[in-house]
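Single-letter residue listing:
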Amino acid sequence: MVAEAIVGQLRAEGHDAEIFSFRDLESPPSQGDFLFVGSPIRMGKVTKKARKFMERMDVEAWKGKPIVTFVTMLPPPGPEADAKKRESYEKWDIKAAQQIREAARAMGLNALESVLMAHVKGLKGPLADDGLEKSRQFTHDFIATLNSPSVNPGVGVV
Ligand SMILES: Cc1cc2nc3c(=O)[nH]c(=O)nc-3n(C[C@H](O)[C@H](O)[C@H](O)COP(=O)(O)O)c2cc1C
């Protein structure tokens, strides 16, 4: 759903875009001007498929090109939550949300600082009411950085 919203927005703004599922890919794509990679967060981590995908990325092919990362996850604990819950969210869930970005950076890839975190309403979904709109807006903001690279120094040839 989030991937579809991203691709829909990319197409609406004039980009060619394709969706792949990790399970259908023999190896990560090596062609494109930028790549969005996303995963659900489970037990404080992105999925194994997502981690394997990153390990197999063709670094030469993607060097300098923007890698944009996104996750679906539970929302942050509300004001009624105790300090321990809030700490745990920061320590595990936010860290997990940055895991694909960090894996990309560790490989020398140009991962965008900003991670799209689309929230779900419960452990079994569905996406929060603002999830699709948030995904489209995030994608729109990313496209704007392509058009004026100086706005976001994280995007550009390194
Ligand atoms: C077994 C299990 C563990 C989960 N663990 C976490 C978690 O640690 N942190 C979190 O934010 N969400 C967690 N979730 C919520 C998932 O992130 C959410 O269900 C998922 O993003 C929905 O995407 P999907 O339909 O593609 O699985 C968990 C969900 C399940 C079923």
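Residues numbered from 1 in each chain as written. Predicted model: local features only at pLDDT ≥ 70, side-chain atom pairs only at ≥ 80, totals over all residues.

Let us look at the site of the ligand. By nearness alone, 13 residues border the ligand, and Pro40, Arg42, Thr72, Met73 and Leu74 come closest of all. Sorting elements by how many residues they give to the shell around the ligand places strand β1 (residues 35-42) first, with three residues. Residues belonging to the shell around the ligand are distributed by class as follows: seven nonpolar, three polar and three charged. (Near = placed C-beta within 6 Å. Helix = DSSP H or I, 4+ residues; strand = E, 2+ residues; numbered from the N terminus. Nonpolar A, V, L, I, M, F, W, Y, C, P; charged D, E, K, R; others polar.)

Turning our attention to helix α1 (residues 2-12). Among all positions of α1, only Val2, Ala5, Ile6, Gln9 and Leu10 are buried. The arc enclosing the buried residues of α1, seen along the axis, measures out at 135 degrees, which places them on a common side. Opposite the buried face of α1, by more than 90 degrees, sit the exposed residues Glu4 and Arg11. Summarising the contacts, the buried residues of α1 are in contact with β1, β3 (66-73), β5 (116-119) and α6 (131-147). Two residues or fewer after α1 comes Gly14, characterised by a positive phi angle close to 90 degrees. (Buried ≥ 20, exposed ≤ 12 C-beta atoms within 10 Å, placed from the backbone. Arc of directions from axis to C-beta. Contact = placed C-beta atoms within 7 Å.)

Moving on: the confidence of the model for the protein. Averaged over all residues, the pLDDT of the protein is 92; the fraction at 70 or higher stands at 94%. Every residue in residues 151-158 is under pLDDT 50, and counting partners more than four places away or in other chains gives 14 contacts. (pLDDT = per-residue confidence, 0-100.)

Moving on, we come to the environment of Ala81. Inspection of the secondary structure puts Ala81 in the loop between β3 and α4 (83-97). According to the C-beta neighbour criterion, Ala81 is partly exposed, with 13 such atoms within 10 Å. On a C-alpha basis, the gap between Ala81 and Leu146 in space is 39 Å, while along the polypeptide they are 65 residues apart.

This part is about the environment of Ala103. Relative to the helices and strands, Ala103 resides in helix α5 (residues 99-106). In this structure the C-alpha to C-alpha distance between Ala103 and Met54, which are 49 residues apart in sequence, comes to 6.8 Å.

Glancing now at the packing of α1 against α6. Between α1 and α6, the shortest axis-to-axis distance is 8 Å and the interhelical angle comes to 40 degrees. Between α1 and α6, the angle falls in the class oblique. Where α1 crosses over α6, the two elements pack in a sense that is right-handed. Facing Val2, Ala5, Ile6, Gln9 and Leu10 of α1, the residues of α6 in contact are Gly131, Leu132, Ser135, Arg136, Thr139 and His140. A per-class count over the contact of α1 with α6 returns five nonpolar, five polar and one charged. (Axes fitted to C-alpha atoms, helices over the stretch in contact; angles between N-to-C directions. Parallel < 35°, antiparallel > 145°, perpendicular 65-115°, else oblique. Left-handed = near helix turned anticlockwise from the far one by under 90°.)

At a closest axis distance of 10 Å, the pairing of helix α2 (residues 48-55) and α5 adopts a crossing angle of 15 degrees. Relative to α5, the element α2 lies roughly parallel. For the pair α2 and α5, the sense of crossing is right-handed. Where α2 abuts α5, its residues Ala50, Arg51 and Met54 lie against Ile100, Ala103 and Ala104. When the residues that make up the contact of α2 with α5 are grouped by side-chain class, the tally is five nonpolar, no polar and one charged.

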